[in-house]
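Below are the chains, spelled out letter by letter.
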Amino acid sequence: MDISEKAHQGSLRFRYIKLCIFFSGLSVFAQLYLFQPILPMAAEHFNVSVGDTSLLVSSSTIGMALGLLFFAFKADSYSRKKLMVFSLISSALLTIMSTWIPSLGILIAIGVFKGFVVSGVSAVALAYLTEEVQTTAVAAAISMYLSGNTIGGMSGRILATLLAGEFGWRNAVLIIGIESLILGIIFWKMFPESRFFIPQKTDYHQKVKQMKFFLTNPYMLRLYFIAALLMGVFVSVYNYLTFRLEDKPFSLSHFIIAFIFLMYIFGVFGTMIVGRLSKSYPANNILKVSVLFMLAGALLLLSENIFILISGLGLFTLSFFAAHTMASQMTALYAKRGKSSATSIYWLFYYFGSSILGSGTGYLLHAFSWNIFIAILMICIVLALLLATANRPVKR
């Protein structure tokens with residue numbers, strides 16, 4: 001076989017790439033949000049408020065945002081595989097280390113560092129796939145990576161909840177850390193080296209010029225703030241829903257609450273639905289409708305009927321992933337040049353929104369009530385809708 005040939009569907013190299021890229025997404029997102037469902041246990045253990053423990057989640061996403069900013073400049077200076085292996089192994093070791101940390105402050109600091117190193121995977125995964133896989137097979141490979149992200153986020157939350165309820169939250173963190181380390185070692189041994197990429201020096205002047213253009217462009221700025229607002233709202237709901245469901249009138253057990261995170265499956269449907277619709281309808285119209293449905297889903301979260309609340313969560317989750325898919329697609333399509341810079345800034349806003357709103361709304365929930373908390377989130381969704389409405393298609 002010609003080694004200059006890109007991996008094609010059916011080849012052994014393609015199967016290894018697809019499997020390992022799935023494992024990488026599984027590991028990254030299982031670790032990134034593993035504290036989310038066990039925040040009530042951590043709050044009780046450290047004897048702190050809801051908002052304080054939410055920093056266990058926000059610290060990782062802040063680190064992720066900072067890492068993505070760093071790798072926006074430096075990713076092309078490193079071997080793709082070596083960077084991803086370093087990210088997966090080191091993040092798993094940090095997760096394992098978290099098990100024995102007695103201080104909440106140090107645990108939060110480790111979360112920032114872990115988010116930073118794990119961002120190396122997200123920074124180069126899509127670039128590797130477009131470089132190493134034949135054009136006809138790229139979609140299948142990217143789909144496998146995104147599935148790993150979604151399933152990793154979902155399974156990490158479910159596993160953390162079940163294990164924490166059975167063995168305590170520290171043992172749950174340890175088990176997920178060991179699982180991530182095993183996935184990282186498999187990735188290291190099986191993931192094919194790049195054939196079509198050579199590390200190169202960074203042209204900082206060009207990168208800064210591109211980023212300055214996107215950060216001063218009204219169309220792109222609106223998309224970036226939409227990403228920040230919607231991701232912040234989404235993470236807020238999943239951060240604190242466990243507290244709501246443990247409390248009256250629901251009083252649900254850890255075992256039942258764990259399966260609430262199966263709602264992430266609706267996110268996969270949301271991505272698939274807008275993928276089909278985008279062939280027939282303008283992207284911005286789909287984005288606006290998705291945000292409207294997200295608003296409707298958030299409204300149903302006010303209900304004290306568990307079936308209505310779960311239905312609202314399903315609609316909310318599906319709509320968020322639909323809106324996120326469209327906003328990120330619109331970002332990439334608008335950027336004729338400097339796509340990596342444009343998408344890096346998008347992810348930067350996305351994770352900062354997750355961090356700032358994800359923690360800030362926890363203090364609001366602690367100070368007020370669930371209804372006030374949801375009302376604030378709905379205001380954020382309305383702001384995102386107004387920004388989407390202002391963003392008419394632009395010809396360049």
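Here is what the cut-offs are and how they apply
Residues numbered from 1 in each chain as written. Predicted model: local features only at pLDDT ≥ 70, side-chain atom pairs only at ≥ 80, totals over all residues. Heavy atoms only, no water. Patch = residues over 30% accessible without salt bridge, like charges linked within 9 Å, V, L, I, M, F, W, Y side chains within 5 Å. Areas by Shrake-Rupley, 256 points an atom, 1.4 Å probe, with all protein chains shown as cover. Salt bridge = Lys/Arg side-chain N within 4 Å of Asp/Glu carboxyl O. Helix = DSSP H or I, 4+ residues; strand = E, 2+ residues; numbered from the N terminus. Buried < 20%, exposed > 50% of the residue type's maximum accessible area, 1.4 Å probe, protein only. Axes fitted to C-alpha atoms, helices over the stretch in contact; angles between N-to-C directions. Left-handed = near helix turned anticlockwise from the far one by under 90°. Nonpolar A, V, L, I, M, F, W, Y, C, P; charged D, E, K, R; others polar. Polar contact = N/O pair within 3.5 Å; in protein donor to acceptor, adjacent residues only side chain to side chain. Expected span 1.5 Å × (residues − 1). Bend = angle between axes of the 7 residues up to and from the residue. Contact = heavy atoms within 4.5 Å.

Q: Tell me about a nonpolar patch on the surface, residues and numbers included.
A: A cluster of nonpolar residues, Phe255, Ile256, Phe259, Leu262, Ile265, Phe266, Val268, Phe269, Met272, Ile273, Leu277 and Tyr281, forms a patch on the protein surface that exposes about 1,100 Å² of accessible area. Looking at the nonpolar patch element by element, the count peaks at 7 residues for helix H11 (residues 265-277). By secondary structure assignment, the location of leucine 262 is in the loop between helix H10 (254-258) and H11. On the accessibility criterion, leucine 262 (35% relative accessible area) is partly exposed.

Q: Any chance you could break down the pattern of salt bridges for me, citing the residues and the numbers?
A: Tallied over the full model, the rule gives 2 salt bridges. Close ionic contact of arginine 13 with glutamate 132 constitutes a salt bridge, the shortest N to O distance being 2.9 Å. Of this pair, arginine 13 sits in helix H1 (residues 12-32) while glutamate 132 sits in helix H5 (residues 104-132), placing them 119 residues apart in sequence. Its relative accessible area of 0% is what places glutamate 132 among the buried residues. The partner of glutamate 131 in a salt bridge is arginine 80, and the shortest N-O contact between them spans 2.6 Å. Pair noted here: glutamate 131 is in helix H5 and arginine 80 is in helix H4 (residues 80-98), with a separation of 51 residues, a long-range link. A single burial state applies to glutamate 131 and to arginine 80, both of which are buried.

Q: Which residues make up the environment of lysine 189, and what values go with them?
A: With respect to the element layout, lysine 189 can be found in helix H7 (residues 169-190). A C-alpha to C-alpha distance of 20 Å links lysine 189 and serine 119, two positions 70 residues apart in sequence.

Q: Mind laying out unusual backbone geometry, listing which residues take part and the relevant values?
A: Geometrically, the link from lysine 248 to proline 249 is a cis peptide bond, its omega value of 10 degrees lying close to zero. Mapped onto the fold, proline 249 is located in the loop between helix H9 (218-246) and H10. Positive phi, close to 55 degrees, is recorded for asparagine 47, a residue that is not glycine. Tracing the chain through its elements places asparagine 47 in the loop between helix H2 (39-46) and helix H3 (50-74). Overall, the relative accessible area of 70% leaves asparagine 47 in the exposed class. If you check the backbone angles, serine 251 has positive phi at about 50 degrees while not being a glycine. Locating serine 251 in the fold gives a position in the loop between H9 and H10. Overall, serine 251 belongs to the partly exposed group, its relative accessible area being 47%.

Q: Before we move on, could you go through the packing of H3 against H5 and cite the residues and values that matter?
A: At a closest axis distance of 6 Å, the pairing of H3 and H5 adopts a crossing angle of 35 degrees. In this structure, H3 meets H5 at a crossing whose hand is right-handed. Residue composition of the contact of H3 with H5, by class: 14 nonpolar, 9 polar and 2 charged.

Q: So what about the side chain of serine 11? Which residues, and what values?
A: By the secondary structure assignment, serine 11 is in the segment before H1. At 2.7 Å, the side chain of serine 11 and the backbone oxygen of histidine 8 are in polar contact. Looking at serine 11, its side chain comes within polar contact range of the main-chain nitrogen of phenylalanine 14, at 3.1 Å.

Q: I'd like to hear about H3, residue by residue, with values.
A: Its 25 residues give H3 an end-to-end C-alpha distance of 36 Å, which sits within 8% of 36 Å, the value for a rise of 1.5 Å per residue. The sharpest bend along H3 reaches about 40 degrees and sits at valine 57. Summarising burial for H3: 18 of the 25 residues are buried, a large majority.

Q: Describe the environment of asparagine 149, with residues and values.
A: Positionally, asparagine 149 belongs in helix H6 (residues 135-167). Taking the C-alpha atoms as reference, asparagine 149 lies 8.9 Å from phenylalanine 23; in sequence the two are 126 residues apart. When sequence neighbours within four positions are dropped, the list of residues in contact with asparagine 149 reads Gly25, Leu26 and Phe29.

So yeah, pure geometry; function would need other evidence.
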